[in-house]
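Okay, here's what each chain looks like letter by letter:
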Amino acid sequence: QVQLVESGGGLVQPGGSLRLSCVASGSIFSTTIMGWYRQAPGKEREFVAYILSGGNTNYADFVKGRFTISRDNAKNTVDLQMNSLKAEDTAVYYCYVRDRRGVYWGQGTQVTVPS
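Treat the numbers as computed from the prediction; the structure is a model and nothing was measured. (Residues numbered from 1 in each chain as written. Predicted model: local features only at pLDDT ≥ 70, side-chain atom pairs only at ≥ 80, totals over all residues. Heavy atoms only, no water.)

(A) Structural view of the state of the cysteines. Within the structure shown, the criterion is met by one disulfide. A disulfide bridge connects C22 with C95, and the sulfur atoms are separated by 2.0 Å. Since a negative S-S torsion denotes a left-handed disulfide, the C22-C95 link at about -75° is left-handed. Placement of C22 in strand 3 (residues 18-26) and of C95 in strand 9 (residues 91-99) is noted, with a sequence separation of 73 residues between them. (Disulfide = S-S within 2.5 Å. Helix = DSSP H or I, 4+ residues; strand = E, 2+ residues; numbered from the N terminus.)

Structural data, given as structure tokens:
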């Protein structure tokens, strides 16, 4: 089993920045995908970004150029640096880990950007 704990959410003005962090604990395999999804009120959960253990990354089109994902394999952490935040980025952000056993989710952290 893998446990994930996110931190770093909050209220930020449009154009501002936040950095989300996620720490994974438990039975961690070295070859995992770590990443982030988000869910806005009344909408389905949507992909934001992921990073492979070797450092390759993938981003949703709506965050390219604004968000940067990074990970520390030794510490089992994955961060999401969010810049130039917009009201439409308001959502609960969920950290996830995918390995050969399945997908594990964190409890989510709220990001609010007022319009």
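(B) Region of interest: the side chain of D99. Mapped onto the fold, D99 is located in strand 9. The exposure class of D99 is buried, given its relative accessible area of 9%. A polar contact is formed between the side chain of D99 and the side chain of R101, at a distance of 2.5 Å. (Buried < 20%, exposed > 50% of the residue type's maximum accessible area, 1.4 Å probe, protein only. Polar contact = N/O pair within 3.5 Å; in protein donor to acceptor, adjacent residues only side chain to side chain.)

(C) Fine view of the pattern of salt bridges. If you walk through the whole model with that rule in mind, you get six salt bridges. A salt bridge links R38 to E46; the nearest nitrogen and oxygen atoms lie 2.8 Å apart. Residue R38 is classed as buried on the basis of its relative accessible area, which comes to 5%. Looking at E46, the relative accessible area reads 32%, which means it is partly exposed. For R101, the salt bridge is made with D99, and the minimal N-O distance between the two is 2.5 Å. One salt-bridge network, in which partners are shared between bridges, spans R38, E46, R66 and D89. (Salt bridge = Lys/Arg side-chain N within 4 Å of Asp/Glu carboxyl O.)

(D) Fine view of the pairing of strand 8 (residues 77-82). The buried fraction of strand 8 is high, at six of six residues. Of the two faces of strand 8, the one carrying T77, D79 and Q81 and the one carrying V78, L80 and M82 are both buried. Note: strand 3 against strand 8, six bridges, orientation antiparallel. Along strand 8, the bridge assignment pairs R19 with Q81. Looking at chain direction, strand 7 (residues 67-72) and strand 8 are connected through six bridges and run antiparallel. Paired with I69 across the two strands is L80, which belongs to strand 8. The hairpin turn running from strand 7 into strand 8, its antiparallel successor, is four residues long, and N76 in that turn takes a positive phi close to 55°. (Pairing = 2+ DSSP bridges.)

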